[in-house]
Amino acid sequence: MVTISVDDQPKVSEEIIKIMSEIDPGGTHTGYSDINQALAYVKENKPEVAWLDIEMPVMSGLELAMEVKKVSPMTNIVFVTGHEKFAYQSFQLHASGFVLKPVTKEAIERELGNLRNPVEIKKNGLIRIQCFGNFEVFDKDGNPLKFRRSRSKEILAYMIDRRGALCTIGELCGILFEDREEDRGLKKQIRVFIAGLRDALGSVGAESILVKGWDSCGIDTSLVDCDYYDYLKGDSVAVNSFMGEYMTQYSWSEMTLGELIMKP
């Protein structure tokens, strides 16, 4: 994501840049106190979000917002001010949001989760996992990952649900084949499915997310972008995206769904 902060008090822009760098470490976040330099940057880079101070000496943030919209119509305008009295004027300009000073990470995240023109924050995971609704897996370019066997995909889903805990072959037998007794043939099938999972991940350069143990396996959660994990961290975008559905194609996911629904 590309964002710009414009404020005649550089420390305010520095704080917004710091917060945005924590939320979106892979993005470009720039601050200006000079109006002309800011407009030149907007014209050249078309940022997704502009954080604009309302009270500035040369040009007010309300006036600046109109200029920004002329050169970059899709830029989300979020006004930053110390006074609530400007709220009505800001909404007349169809702003995406309104943040009161002193700015906080919680306020910034709230506005990012409710932008007029939504923006997807690109993260650093090797794959992106969708748990809310159906379980789906995407590569870094947003393309669905292809699995030769549906059970390989289900094993990945279960390991995501386990949040990095190692899963034994016996445990996977019980999850995938709850109506069959565990035996050598069943364990062999599980190993075939895990090999298929490794091949699918390897096809997009993500095999390293698999963690091997003694007769067990799991995932390195730090290498995965996942709405479920973001939800547990309190990420506002993930929280707003949860509509009461979690890995709907797998019956074993109902326990986690119950925990999510009960979560305050």
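Since the model is a prediction, treat every value here as computed from it, not as a measurement. (Residues numbered from 1 in each chain as written. Predicted model: local features only at pLDDT ≥ 70, side-chain atom pairs only at ≥ 80, totals over all residues. Heavy atoms only, no water.)

### Re the environment of Ser253
So, point 1. Within the secondary structure layout, Ser253 lies in the loop between α10 (236–241) and α11 (254–262).
So, point 2. By relative accessible area, Ser253 is classed as buried at 2%.
So, point 3. For the pair Ser253 and Met159, spaced 94 residues apart in sequence, the C-alpha separation works out to 11 Å.
So, point 4. Residues in contact with Ser253, not counting those within four places in the same chain, are Tyr246 and Met247.
So, point 5. At 2.7 Å, the side chain of Ser253 forms a polar contact with the backbone oxygen of Tyr250. (Helix = DSSP H or I, 4+ residues; strand = E, 2+ residues; numbered from the N terminus. Buried < 20%, exposed > 50% of the residue type's maximum accessible area, 1.4 Å probe, protein only. Contact = heavy atoms within 4.5 Å. Polar contact = N/O pair within 3.5 Å; in protein donor to acceptor, adjacent residues only side chain to side chain.)

### Considerations on the packing of helix α1 (residues 10–23) against helix α5 (residues 105–112)
So, point 1. With their axes 10 Å apart at the nearest point, α1 and α5 run at an angle of 65° to one another. Judged by the sense of rotation from one axis to the other, the crossing of α1 with α5 is right-handed. Of the residues in α5, those in contact with Ile19, Met20, Glu22 and Ile23 of α1 are Lys105, Ile108, Glu109 and Leu112. (Axes fitted to C-alpha atoms, helices over the stretch in contact; angles between N-to-C directions. Left-handed = near helix turned anticlockwise from the far one by under 90°.)

### Side note on unusual backbone geometry
So, point 1. A cis amide bond, omega -5°, links Lys101 with the succeeding residue Pro102.
So, point 2. Inspection of the secondary structure puts Pro102 in the loop between β5 (97–100) and α5.
So, point 3. In the Ramachandran plot, Asp215 falls in the positive-phi region, its phi being about 55° despite a non-glycine side chain.
So, point 4. Within the chain, Met247 stands out as a residue other than glycine whose phi angle is a positive 45°.

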